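Inside the fold
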Amino acid sequence: MMEVVERSLKSATEYFQNFFSFEYHRNGFLQSVDVRLKLLGIVVLILATVSTFKISKVFAIFFSALVLAKLSNVGLRTLISRVWLFTLFSFLIVLPLAFIEGWNYVLAFTFRVFTAIILVQILVLTTPFNELFHALRYFKIPETLVFALGITYRYVYMMFTELLRILIARESRRLKKLSFREIWENGGKALGAYFIRVFEKGERVQMAMKIRGDRARYYHRSFRIGTSEALFIVFTTFVLTWWLML
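Now for a description of the structure that goes with this document. Being a predicted model, the structure only gives us computed values, none of them experimental.

This paragraph deals with the pattern of salt bridges. Think of it this way: side chains of opposite charge can pair up when their charged atoms draw near. In this structure the tally under the stated criterion is one salt bridge. When the shortest N-O distance is used, the salt bridge between Asp34 and Arg36 registers 3.0 Å. You can call Arg36 buried: its relative accessible area is 5%.

Below, the structure written as structure tokens:
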């Protein structure tokens, strides 16, 4: 039983580390679009997704997201590996409402979450981490909020990375099947080591930030509409028109 719990914990840690990681693919359509326009377009598509329970409208956004992913060289398997757990969780959360609202409501809600998270991941996989925060500042999002988001992301990713390292280290040093008591004792030691390592690395990150001025520097380059930006505007307009007509 405890081995099942450990394997489940390791799988969950790997999933969340993968979900929060920025794996920027350099070649593709969205990669060439200005990050500010791309962020605005993706947010509009997400709002269109979550503002309706009509399956046909959500499917229109979903199909458009797959087209964007294909044009941007983002694989479907990569997207599924990042969104399946949140989709499953949303389905389980809303499942009791099947006896009140019906199965159509449950399926529509789950499909909305699935499509919205796919759009978020497409944005993450086609945008460098620092440029995304520069775009937030361009849209006048408070600097304190942007700074807090950046810190939160860095620390969350660091925590999952350290936890995965400890779990892998435990497996590599296990030479025999442990008893229930030994598993709990070793688990407590690993948990203590985990908190110490995260605390120490967090201190190093904080000191490194203070040395660099403790604040991010945001650029505000001029906005120009090139070929990629024009095509993205046309594509987004077409999708929203299709969405309204359904």
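Okay, the nonpolar core next. Leu30, Ile61, Leu68, Leu79, Ile118, Leu119 and Ile122 are the most contacted members of the largest nonpolar core, which totals 40 residues. The element contributing the most residues to this core is helix H5 (residues 103–125), with ten residues. Those residues within four positions of Ile118 in sequence are excluded, and the remaining contacts are Phe62, Ala65, Leu79 and Val83. Ranked by size, the runner-up nonpolar core spans seven residues in total, among them Met158, Ile166, Leu167 and Val198.

An ideal rise of 1.5 Å per residue puts 27 Å on 19 residues; helix H4 (residues 76–94) measures up with 25 Å between its terminal C-alpha atoms. A bend of about 45° at Val83 is the largest found in H4.

In this section: the packing of helix H2 (residues 35–50) against helix H9 (residues 227–245). Running from amino to carboxyl end, H2 crosses H9 at an angle of 10°, the nearest separation of the two axes being 11 Å. Judged on the interaxial angle alone, H9 and H2 are roughly parallel. When H2 is examined against H9, the residues Leu37, Lys38, Gly41, Ile42, Val44, Leu45 and Ala48 are found in contact with a partner set consisting of Glu229, Phe232, Ile233, Thr236, Val239, Leu240 and Trp243. In terms of residue class, the contact of H2 with H9 is made up of ten nonpolar, two polar and two charged.

With that out of the way, let us pick up H9. Over its 19 residues, H9 runs 27 Å from end to end, which matches the ideal 27 Å to within 8%, given 1.5 Å per residue. Inspection of H9 places Ser228, Glu229, Phe232, Phe235, Thr236, Val239 and Trp243 among the buried residues, and these make up the whole buried set. Buried residues of H9, seen end-on, are gathered within an arc of 125° and therefore sit on one face of the element. Exposed residues lying more than 90 degrees from the buried face of H9 are Thr227, Val234, Phe238, Leu244 and Met245. The inward-facing, buried residues of H9 abut H2 and helix H3 (55–71).

Parameters and conventions
Residues numbered from 1 in each chain as written. Predicted model: local features only at pLDDT ≥ 70, side-chain atom pairs only at ≥ 80, totals over all residues. Heavy atoms only, no water. Salt bridge = Lys/Arg side-chain N within 4 Å of Asp/Glu carboxyl O. Buried < 20%, exposed > 50% of the residue type's maximum accessible area, 1.4 Å probe, protein only. Core = buried A, V, L, I, M, F, W, Y, C linked by side-chain atoms within 4.5 Å. Helix = DSSP H or I, 4+ residues; strand = E, 2+ residues; numbered from the N terminus. Contact = heavy atoms within 4.5 Å. Expected span 1.5 Å × (residues − 1). Bend = angle between axes of the 7 residues up to and from the residue. Axes fitted to C-alpha atoms, helices over the stretch in contact; angles between N-to-C directions. Parallel < 35°, antiparallel > 145°, perpendicular 65-115°, else oblique. Nonpolar A, V, L, I, M, F, W, Y, C, P; charged D, E, K, R; others polar. Arc of directions from axis to C-beta.

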